[in-house]
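# Architecture and fold: a report
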Amino acid sequence: VKAEGFGSDRFTLHAPFFGAVDLRKPTPGQEPSVLIYQSDLCSALLTALEARHRASGRLDMQFRARVEKVDPESGELAWRRRPGESELHV
């Protein structure tokens, strides 16, 4: 995720009527925060998740699917690709 953003050791909030407020100042030895767009963060997290778990067979990413049933005890859920589809995937 860090490679998708850029480091910053200073955050300053500029607000009308209050002026500039330092939320974070550089501190020796402190690792910088990562600044990243939300869409890039989601993409980087999804890539890392797939790289870590896809080979296990436990991860199956489906977008625009409708969740029909969730069983928290077994960790399984049932879903359909499209509303009204007869095939239920578990």
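### Some details on the pattern of salt bridges
- Per the counting criterion, the structure on display carries 3 salt bridges.
- A salt bridge links E68 to R66; the nearest nitrogen and oxygen atoms lie 3.5 Å apart.
- In this structure, E68 engages R80 in a salt bridge whose closest nitrogen and oxygen atoms are separated by 3.3 Å. Of the two residues, E68 is situated in strand β5 (residues 66-71) and R80 in strand β6 (residues 76-80); the sequence distance between them amounts to 12 residues.
- E68 sits in the partly exposed class, given a relative accessible area of 38%.
- The network of salt bridges with shared partners includes R66, E68 and R80.

### A short note on the layout of surface pockets
- By volume, the largest pocket amounts to about 390 Å³.
- Along the wall of the largest pocket there are 14 residues; nearest its centre are R58, D60, G75, L77 and W79.
- Listed by contribution, the elements that provide at least two residues to the lining of the largest pocket are β5 and β6.
- When residues in the lining of the largest pocket are grouped by element, the largest group, 3 residues, is from β6.
- Considered class by class, the residues forming the lining of the largest pocket number 7 nonpolar, 4 polar and 3 charged.

Each value, and the rule that gives it
Residues numbered from 1 in each chain as written. Predicted model: local features only at pLDDT ≥ 70, side-chain atom pairs only at ≥ 80, totals over all residues. Heavy atoms only, no water. Salt bridge = Lys/Arg side-chain N within 4 Å of Asp/Glu carboxyl O. Helix = DSSP H or I, 4+ residues; strand = E, 2+ residues; numbered from the N terminus. Buried < 20%, exposed > 50% of the residue type's maximum accessible area, 1.4 Å probe, protein only. 1 Å grid on protein atoms, 1.4 Å probe; cavity = no way out; pocket = protein on both sides within 12 Å on 5 of 7 lines; lining within 4 Å. Points joined across faces, edges and corners; volume = space filled by probe spheres on them. Nonpolar A, V, L, I, M, F, W, Y, C, P; charged D, E, K, R; others polar.

The quantities given are spatial measurements derived from coordinates; they are silent on function.
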